[in-house]
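Examining the three-dimensional arrangement
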Amino acid sequence: MAASGSLKRNLGLWSIVGLGLGYMTPTVVFDTFGIVSDETNGAVPSAYLIALIVMVFTAFSYGKMVKVFPTAGSAYTYTRETMSPGLGFLVGWTSLMDYLLLPMVNCLIARLYMESLVPDAPPWVWVVLYTVIMTAIVAVSMRGTANLNGVLLVFAVTMVTLFCIVAVVNLTNGDGSGIVFSAEPFMHEGVHMSALLTGATVVCFSFIGFDAVTMYTNEAKHVNLMPKAILLTVLAGGAIFLVASYFAQQLFPDNSQFNVVDDPLPEIGLLTGGPVFMGFFLAAAFAATVASGLASHASVSRMLLVMGRNGVLPRKAFGYIHPKTHTPMFNIILVGAVCLLAMSFSLEFISALINFGALIAFTFVNLTVIAHFAFRTRQVADVKSAFNYVVLPAIGAILTGILWVSLHETALIGGVVWLAIGVIYLAVLTRGFKRTVRSFDDPEADAEMSEPEAKPEAEPEPEAKPESV
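The following paragraphs examine the structure supplied in this document. (Residues numbered from 1 in each chain as written. Predicted model: local features only at pLDDT ≥ 70, side-chain atom pairs only at ≥ 80, totals over all residues. Heavy atoms only, no water.)

Examining the layout of surface pockets
We apply this condition: Here a cavity denotes a set of grid points, spaced 1 Å apart and computed over the protein atoms alone, in which a 1.4 Å probe fits but from which it cannot get out, and a pocket denotes an open set meeting protein on both sides within 12 Å along at least five of seven lines; residues with an atom within 4 Å of a point are reported as lining. Grid points are joined across faces, edges and corners, and a volume is the space filled by probe spheres set on the points. Runs of E in the DSSP output that reach at least two residues are strands. Runs of H or I that reach at least four are helices, and both are numbered from the N terminus.
Put simply, the largest pocket is a space of about 420 Å³. Residue lining of the largest pocket: 23 residues in total, with Ile35, Leu347, Glu348, Phe349 and Ser351 positioned closest to the centre. Contributions of two or more residues to the lining of the largest pocket are made by helix 3 (33–40), helix 6 (85–117), helix 9 (193–207), helix 14 (347–376) and helix 16 (409–429). Ranked by the residues each element gives to the lining of the largest pocket, the list is headed by helix 14, at six residues. Empty space within the second largest pocket amounts to approximately 230 Å³.

Listed below in structure tokens is the structure:
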């Protein structure tokens with residue numbers, strides 16, 4: 001680790017959007033469909049619509065802040081720089097929980113798929129095999145990770161589209177509700193707002209990924225790509241979830257047809273298109289899970305890199321970039337080790353913990369817009385600036401706060417325990433809160449992390465004409 005390299009700026013707009021969509025796992029809508037349908041009394045699309053609205057407000061805030069602080073620190077950086085170093089650390093600590101656990105969730109889902117296909121094999125085999133392959137791919141090249149992620153993402157989105165087409169045919173033939181277009185999946189008798197909010201907290205898990213693309217800021221060809229990439233990721237992912245959940249709800253108004261409510265994806269495929277369709281559907285789900293695993297594994301390794309370069313975590317290990325692969329090798333291997341825990345935990349418990357950290361991060365990103373533009377730089381001078389820098393982020397913070405208090409008790413307890421550990425670590429780090437946590441705004445560290453942004457080629461100067469005699 002004596003010689004450390006730098007991150008390469010080689011990711012364009014659609015590569016970043018693809019990584020974000022891959023992180024979000026388009027087919028996860030079917031994995032959680034049974035749970036959310038129970039929570040909302042058959043109004044899964046409404047839960048996604050509420051979550052999408054909240055995420056759009058938060059995406060605007062991310063877009064504003066990523067231009068102010070063009071580093072791969074996300075909510076961790078923004079809170080620290082606009083509010084206080086200690087608070088920023090705690091927000092980063094809670095974010096670290098969901099970033100660390102999401103690769104493990106993908107490993108767990110892959111294990112469940114393989115168990116359904118090969119029930120006689122021991123589960124730990126699939127966990128180890130998946131972890132080794134994912135870790136090796138992410139460690140070799142960021143560009144290669146983005147390319148493979150794109151191929152898997154296209155396959156997954158194609159199968160979701162095919163599901164919607166087959167669902168329309170089935171509904172036309174009288175299956176399910178027997179109606180192609182209806183408001184019933186969004187609102188009907190017996191649906192209550194409190195239940196929809198609870199359902200929205202569950203499906204927030206599906207949206208995690210749009211914020212994670214900020215981790216690729218140091219590898220984007222231009223920093224100005226990031227706001228557009230964030231918003232496009234949210235809108236594209238939200239559209240996929242809304243349409244897919246709508247047709248799934250129309251085909252399956254309740255969970256009476258499912259034997260396994262916790263993860264009905266295989267049964268949805270079988271009941272929708274038969275055994276052959278189910279095979280392709282499972283393959284697409286597995287591809288989406290692998291794509292999410294690649295994106296989430298790469299993203300959290302870069303968050304750890306930022307913390308290492310800043311001195312919050314041991315710099316020699318966490319701040320190391322391999323000079324040949326240009327990837328944070330130690331962090332990638334560490335995340336792979338965490339994935340091995342997928343042998344022990346349940347999907348429901350881990351996804352609940354992820355939502356705790358994500359919603360806290362989203363809330364504070366909205367608040368940092370107000371803190372920076374209204375108080376630190378005092379850029380709120382008229383109605384337009386007040387709307388952009390106060391009203392919009394305030395709405396986003398309130399909405400994410402409402403979802404946070406609607407989380408299940410398990411998520412709240414587990415999240416508070418993790419946060420308490422973070423407070424203790426912060427006390428040790430600051431010698432009893434007597435010292436300030438180092439700032440991310442370290443020009444030397446930032447210069448070491450990434451190559452300079454690519455500059456547009458200058459236009460050739462016109463050839464000099466010979467002077468007339």
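A look at the packing of aromatic side chains
Aromatic ring pairs are reported here in terms of the distance separating the ring centres and the angle at which the planes meet. What counts is decided by this rule: Each Phe, Tyr or Trp ring, with Trp reduced to its six-membered ring, pairs with another whose centre is within 6.5 Å; inter-plane angles below 30 degrees give stacked pairs, above 60 give edge-to-face pairs, and intermediate values give tilted ones.
Evaluation of the coordinates by the stated rule reveals 21 aromatic pairs. Measuring from centroid to centroid gives 6.0 Å for Phe89 and Trp93, while their planes differ by 25°, and the two rings are stacked. Taken together, the residues span about one helical turn, with Phe89 and Trp93 both in helix 6 at a distance of four residues.

Considerations on helix 11 (residues 265–310)
Rules: Helix span, expected: 1.5 Å multiplied by one less than the number of residues in the helix. Values of bend correspond, residue by residue, to the angle between axes fitted over the seven residues ending at that residue and the seven starting there. Buried means the residue's accessible area, taken with a 1.4 Å probe over protein chains only, is under 20% of the maximum for its type, while exposed means over 50%, and partly exposed covers the values in between.
Relative to the 68 Å expected for 46 residues at 1.5 Å per residue, helix 11 spans just 42 Å between its end C-alpha atoms, considerably shorter than the ideal helical length. At Gly273, helix 11 is deflected by roughly 135°, the largest bend along its length, and proline Pro275 occurs up to four residues later in sequence. Extensive coverage of helix 11 is indicated by the burial of 35 of its 46 residues. Downstream of helix 11 by one or two residues, Gly311 has phi in the positive range, about 90°.

Remarks on unusual backbone geometry
Even without being glycine, Arg431 reaches a positive phi, approximately 55°. Relative to the assigned elements, Arg431 resides in the loop between helix 16 and helix 17 (443–449).

Considering a nonpolar patch on the surface
Quick reminder of the rule: Two distance rules govern patches: like charges are joined within 9 Å, and nonpolar side chains (Val, Leu, Ile, Met, Phe, Trp, Tyr) within 5 Å, applied only to residues with over 30% relative accessible area and no salt bridge. All accessible-area figures derive from a Shrake-Rupley calculation using a 1.4 Å probe, and residue coverage is judged against the displayed protein chains alone. Each salt bridge in this description consists of a side-chain nitrogen of Lys or Arg and a carboxyl oxygen of Asp or Glu lying within 4 Å of one another.
A contiguous nonpolar patch, built from Met83, Leu87 and Leu367 and spanning about 200 Å² of accessible area, is present on the exposed surface. With respect to the element layout, Leu87 can be found in helix 6. The class for Leu87 is partly exposed, based on a relative accessible area of 30%.

Thoughts on the nonpolar core
Defined as follows: Grouping buried Ala, Val, Leu, Ile, Met, Phe, Trp, Tyr and Cys residues that are joined through side-chain atoms within 4.5 Å yields what is termed a nonpolar core. Every residue pair with non-hydrogen atoms within 4.5 Å of one another is taken to be in contact.
With 139 residues, the main nonpolar core has Phe30, Tyr62 and Phe163 as its most contacted residues. Not counting the four nearest positions on each side in its chain, Phe163 is found in contact with Phe30, Ala244, Phe247, Ala248, Leu251, Ile268, Thr272, Phe277 and Phe281.

Details of the side chain of Thr40
Tracing the chain through its elements places Thr40 in helix 3. Assessed through its relative accessible area of 1%, Thr40 is described here as buried. If near-sequence neighbours (up to four positions away) are discounted, Thr40 is found in contact with Ala47, Val191, Ala195, Leu196 and Gly199.

Topic: helix 9
With 15 residues, helix 9 should cover 21 Å at 1.5 Å per step; its first-to-last C-alpha distance of 20 Å lies within 8% of that length. A bend of about 30° at Thr201 is the largest found in helix 9.

Digging into the packing of helix 4 (residues 44–68) against helix 10 (residues 225–251)
For the record, the criterion: Here the axes come from fitting lines to C-alpha atoms, over the contacting stretch only for helices, and the angles between their N-to-C directions go from 0 to 180 degrees. To sort the angles, those under 35 degrees are grouped as roughly parallel, those over 145 as roughly antiparallel, those from 65 to 115 as roughly perpendicular, and the leftovers as oblique. Under the scheme applied here, ten amino acids are nonpolar (Ala, Val, Leu, Ile, Met, Phe, Trp, Tyr, Cys and Pro), four are charged (Asp, Glu, Lys and Arg), and all others, including Gly, are polar.
One can describe the packing of helix 4 onto helix 10 by two numbers: an axis separation of 9 Å at closest approach and a directional angle of 175°. In terms of axis orientation, helix 4 runs roughly antiparallel to helix 10. For the contact of helix 4 with helix 10, a count of residues per class yields 20 nonpolar, four polar and one charged.

A short note on the environment of Cys204
Mapping Cys204 onto the fold places it in helix 9. Given a relative accessible area of 2%, Cys204 falls into the buried group. Spatially, the C-alpha atoms of Cys204 and Leu52 are 8.4 Å apart, while their sequence positions differ by 152 residues. Dropping the residues within four chain positions of it, Cys204 is found in contact with Ala51, Met55, Asn355, Leu359 and Leu403.

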